[in-house]
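The primary structure of each chain is shown beneath.
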Amino acid sequence: MLAPPRADPTEQVLQSRGGDDGQSGRHVKDVAMTVLLAVVMLATLAVLGWVLVYVAAQGLKYLGPTFFTQNPPGNPSQAGGGFENGIIGSLIIVGMATLFSVPIGVAAAVAIIEYGGRFAAATGFVADVLVGLPSIVIGAFVYVLWVTRFGFSGVAGSIALAIIMLPLIVRATAEMLRLVPVALREAAASLGISRARTIVSVVLPSARAGITTGVMLAVARAMGETAPLLLTALGNQLFVVTNPTKPISTLSLEIFNNAITGFQAAQARAWAGALTLILIVLILFVAARLIGWRLAVTRS
Amino acid sequence: MASPAAVSDLPTDHLRGRVGYADRLFKATMFAAAGIVLLVLLCTAAFLIDQGWPALRHYGFFSFLTSSRWAPSDATPKGTHPNPYGILQFAYGTAVTSLIGMVIALPVAVAVALFITEVAPAWMRRPLSYAVDLLAAIPSVVYGFWGIFALLPALHPIVNFLISTLGRIPGVGAVFAGPFFGVSYFAAGLVLAIMVLPIVTAIFREVFATTPIDEKEAARALGLTRWEMLRTALLPRSRSGIVGAGILGLGRAFGETIAVTMVIGNSVLAITTSIFGQGATMSSVIANEFTEAVEPFHLQSLFVVAFWLLVITFVVNVAGRLVVRRTRAGLA
Amino acid sequence: MSNLTDSTSPVVPGGQRSTTPGSTEAGRIEVSGLTARYGKHEAFTDVSIAIEPGQVTALIGPSGCGKSTLLRCLNGLHMTVPRASVTGTVRVAGVDIYRSDVSLVHVSRYVGMVFQRPNPFPTMSIAQNVTAGLRFGPRRRRRGPWLEEVVERSLRQAGMWEEVKDRLHKPGGSLSGGQQQRLCIARSLAVEPHILLMDEPCSALDPVSTLVIEGLITELKNDYTFVIVTHNMQQAERVSDVTAFMTVNGPGQPGQLVEVASTKELFSNPSQPATVDYVTGKVG
Ligand SMILES: Nc1ncnc2c1ncn2[C@@H]1O[C@H](COP(=O)(O)OP(=O)(O)OP(=O)(O)O)[C@@H](O)[C@H]1O
Ligand SMILES: [Mg+2]
């Protein structure tokens with residue numbers, strides 16, 4: 001039922017339902033608003049389409065198999081070359097960031113949901129706030145934490161990305177743990193299974209699909225991060241680096257550095273890189289949604 | 001009452017130690033991980049202020065906030081007056097670009113969320129929300145690149161029209177004055193609008209979805225049209241949720257770096273009054289100058305910028321979270 | 001039936017049920033002066049009752065009188081609810097389970113539980129569900145051929161071996177509701193408790209499955225002590241030896257134990273007026 005404060009405008013509307021004029025006026029307004037909402041929705045989709053199609057069109061001009069097997073030329077104005085260095089660098093840095101952030105993030109979510117208490121609640125709130133922390137600030141933090149001591153390196157980059165992924169994973173995992181029925185925990189407890197065992201062998205497996213979805217979305221986010229890497233992994237390497245204690249270029253850094261040069265050849269490479277990056281992110285995104293969708297289906 | 005045999009039957013002793021120990025170790029590990037999350041935030045604040053400290057001490061705490069001129073080449077190891085590292089124009093740039101972004105994104109997000117939750121047929125809802133979410137998946141560097149080459153050229157005719165109309169109005173005209181070179185606060189604001197749109201929309205969707213169905217049905221049963229139902233039953237209930245989402249979107253816009261850096265022009269010397277002029281934001285100046293900061297107190301001053309950026313986004317995010325949480329609790 | 005148990009139980013190395021099942025102190029629960037709370041709210045006060053070994057005790061009473069809470073106090077599960085507390089004692093096999101050094105992990109070796117809604121572990125197969133308590137519980141037997149023996153024995157006890165023996169590796173959730181509930185019973189039996197607590201085990205099931213479960217209880221009651229909560233008076237009459245009637249005066253009030261008597265007597269000749277009203281269907 002409508003509560004009094006909300007009922008007021010309702011009554012006005014009802015009172016104004018006198019003649020046919022009022023009626024049709026109301027319906028015209030209703031249709032007009034529906035159309036307006038639909039137009040805004042379409043405009044939003046159009047922007048999405050514009051970005052995707054533009055990047056695809058530009059990227060396809062240059063993207064080819066050699067893009068993945070060659071490094072950028074020493075002179076950026078020179079045509080040719082590819083982003084093998086950046087692609088491998090991204091895999092290394094994001095891979096390491098995932099290794100750092102997933103165990104910590106999942107464990108923190110377990111503390112928040114499975115154990116609770118004041119400290120855990122504070123952690124949950126801080127995770128929420130961390131999501132909104134600018135990635136450049138995190139880059140500056142890791143610069144102090146790591147680069148001032150050990151120099152620019154892939155490790156520094158992966159720590160920065162791990163910090164960016166951490167709150168995303170905490171939130172996704174916490175949300176999934178909340179969905180696991182209490183009945184399962186009680187069944188386990190009544191079988192004499194300890195709290196820790198219950199979490200490891202009953203609760204987390206039940207939430208596995210959802211956690212995987214969250215991790216994949218976090219990985220997609222990390223793949224595209226650029227700003228914090230400028231301060232940590234540095235990039236600027238024109239060859240493949242696999243030693244994570246050295247500066248490493250990533251796909252996103254290569255796109256940025258080539259995009260802002262002003263040379264057409266470099267921009268062509270950057271577009272191909274942007275298309276590659278979008279494809280990687282899209283694949284992760286779609287895979288994550290598929291897992292989430294399968295999860296929703298099996299639950300119902 | 002129990003026989004002694006029965007008491008010994010309950011084998012507490014040999015079990016208690018082992019099981020309890022493993023359980024406690026596990027719990028401690030989980031809380032240690034939670035502690036890391038807390039530590040990250042605390043350490044970030046502490047480290048940034050620690051690094052910025054020499055510059056703060058040298059020039060004075062507030063001298064950064066009272067000047068809008070950032071001229072590292074004027075800095076000397078000795079001189080303190082005037083502070084060559086004024087950061088007011090960056091705060092201004094961050095505020096203006098984010099405001100432009102939110103002014104555009106908020107109404108669009110409300111409309112999109114309403115369309116998805118209330119108007120679209122059921123089968124379209126999921127694909128539509130995925131499409132909007134996809135906007136959030138596109139990396140920032142791609143938005144910046146796209147902004148330079150696709151958005152800026154398209155803006156020229158529109159902005160030139162605005163300059164020749166709004167720019168003529170006495171008083172506020174200065175805000176819309178030319179010349180327009182493409183890269184500008186306005187362009188950055190537009191890109192930010194696109195980037196925060198999916199985040200804000202997602203929160204709106206959630207907020208709208210929490211309005212009880214029967215309340216909506218009651219409104220429809222009274223003979224209200226869909227739009228009247230939205231206005232009378234849905235939007236008033238969602239007001240604080242909308243505010244919270246707006247604040248969170250703002251926090252996100254404040255921190256966005258690479259895309260903004262690519263389309264804002266990076267002019268650091270003063271505040272540009274016109275939104276069609278060039279400028280810089282707190283985050284863009286850090287990204288731009290960090291690895292080339294060689295002048296005295298240059299790097300330290302960038303850490304001062306980073307610290308203030310942290311403070312601002314922290315406050316905004318805490319405020320937004322609190323509002324959203326209260327809304328959720330109120331609706332639950 | 002008892003044949004079956006006898007022939008298969010020696011398979012388990014170091015099986016915990018060393019004593020003759022169903023007839024010893026191990027199957028006894030003594031509750032005295034028990035009050036259970038959720039935060040400040042008292043679910044029931046001052047309940048004293050002795051659950052006799054080898055018998056089926058039914059808990060009946062109107063909704064909200066604290067039957068489920070009392071049942072969950074008998075194995076300590078009540079204490080897993082945030083801010084829940086108890087005063088008074090519950091002795092299982094002579095030991096107060098609310099002593100600070102006794103935990104659910106220990107009590108579970110004596111007391112098993114079956115819930116209102118079937119709750120098999122969704123990520124585990126049928127066989128894994130049955131052995132979960134053994135694999136993850138205090139005894140920690142991870143593998144070995146004897147685990148398969150336990151699966152067969154427990155599923156046979158739950159009367160569903162023939163139905164599922166060809167699909168032991170299918171997920172537990174792939175069974176029908178009634179089968180899931182019997183799987184949960186098998187899962188509890190696998191850890192060889194002496195007592196089985198059941199909270200409205202049939203309320204989510206169809207009449208046929210209900211009869212199957214009742215049949216199971218009758219078959220197993222020689223070996224196990226049962227405490228069963230039910231809203232179904234016929235069910236209480238059919239399966240139980242002893243019936244305890246609880247009631248509550250109004251919402252927000254604590255529940256009370258009104259009377260405990262042999263089922264026959266309680267239904268034919270109740271001593272308390274409240275019990276008369278309830279069993280004759282005047283209230284509740
Ligand atoms: N988790 C809980 N938190 C707070 N109060 C609870 C909780 N569970 C039960 N209660 C309260 O404790 C009292 C007894 O509840 P209980 O579930 O034991 O009743 P019941 O006899 O099993 O009812 P029913 O026949 O409906 O299952 C009720 O007043 C109930 O509101
Ligand atoms: Mg109950």
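Let me begin by describing the structure that accompanies this report. Note that the structure is a prediction, hence the values are computed from the model and not measured.

## Some remarks on the packing of helix 3 (residues 84-115) of chain A against helix 8 (residues 195-206) of chain A
Residue and element names in this part refer to chain A.
Working step 1: Running from N to C, helix 3 and helix 8 point in directions that differ by 110 degrees, and their axes come no closer than 12 Å. Between helix 3 and helix 8, the angle falls in the class roughly perpendicular. The two elements helix 3 and helix 8 cross, and the hand of that crossing is right-handed. Residues V106, V110, E114 and Y115 of helix 3 form the contact with helix 8, whose participating residues are R195, A196, I199, V203 and L204.
Working step 2: Here the residues of the contact of helix 3 with helix 8 are counted per class, giving seven nonpolar, no polar and two charged.

## So, unusual backbone geometry
Residues and elements named next belong to chain C.
Working step 1: Its identity as a non-glycine residue notwithstanding, A93 has a phi of 50 degrees, on the positive side.
Working step 2: Its place among the elements puts A93 in the loop between strand 4 (84-92) and strand 5 (95-96).
Working step 3: Here A93 falls in the buried class, since its relative accessible area comes to 0%.
Working step 4: The phi dihedral of E200 is positive, around 40 degrees, even though this residue is not glycine.

## Some points on the interface of chain C and chain A
Working step 1: Taken residue by residue, the interface counts 27 residues in chain C and 16 residues in chain A.
Working step 2: Surface buried jointly by chain C and chain A totals about 1600 Å² across both partners, of which 67% is contributed by carbon and sulfur atoms.
Working step 3: The tally of links from chain C across to chain A stands at one salt bridge.
Working step 4: The shortest N-O distance in the salt bridge between E186(A) and R72(C) comes to 2.7 Å.
Working step 5: At the junction of chain C with chain A, the criterion picks out three residue pairs in polar contact (both at pLDDT 80 or more).
Working step 6: Those elements that place two or more of their residues in the side of chain C that touches chain A are helix 3 (104-107), strand 6 (111-114), helix 4 (126-136) and helix 7 (177-190) of chain C.
Working step 7: Broken down by class, the residue content of the side of chain C that touches chain A amounts to 14 nonpolar, nine polar and four charged.

## Structural notes on the packing of helix 3 of chain A against helix 9 (residues 208-224) of chain A
Residues and elements named next belong to chain A.
Working step 1: One way to put it is that helix 3 packs onto helix 9 with a least axis distance of 10 Å and a crossing angle of 140 degrees. When the axes of helix 3 and helix 9 are compared, the pair comes out oblique. For the pair helix 3 and helix 9, the crossing hand works out as right-handed. Two secondary-structure elements touch here, helix 3 through S90, L91, V94, T98, V102 and V106 and helix 9 through I211, V215, V219, A222 and M223.
Working step 2: Grouping the constituent residues of the contact of helix 3 with helix 9 by class yields nine nonpolar, two polar and no charged.

Rules behind the numbers
Residues numbered from 1 in each chain as written. Chains lettered and ligands numbered in written order. Predicted model: local features only at pLDDT ≥ 70, side-chain atom pairs only at ≥ 80, totals over all residues. Heavy atoms only, no water. Axes fitted to C-alpha atoms, helices over the stretch in contact; angles between N-to-C directions. Helix = DSSP H or I, 4+ residues; strand = E, 2+ residues; numbered from the N terminus. Parallel < 35°, antiparallel > 145°, perpendicular 65-115°, else oblique. Left-handed = near helix turned anticlockwise from the far one by under 90°. Contact = heavy atoms within 4.5 Å. Nonpolar A, V, L, I, M, F, W, Y, C, P; charged D, E, K, R; others polar. Buried < 20%, exposed > 50% of the residue type's maximum accessible area, 1.4 Å probe, protein only. Buried area = accessible area lost by both parts, 1.4 Å probe. Salt bridge = Lys/Arg side-chain N within 4 Å of Asp/Glu carboxyl O. Polar contact = N/O pair within 3.5 Å; in protein donor to acceptor, adjacent residues only side chain to side chain.

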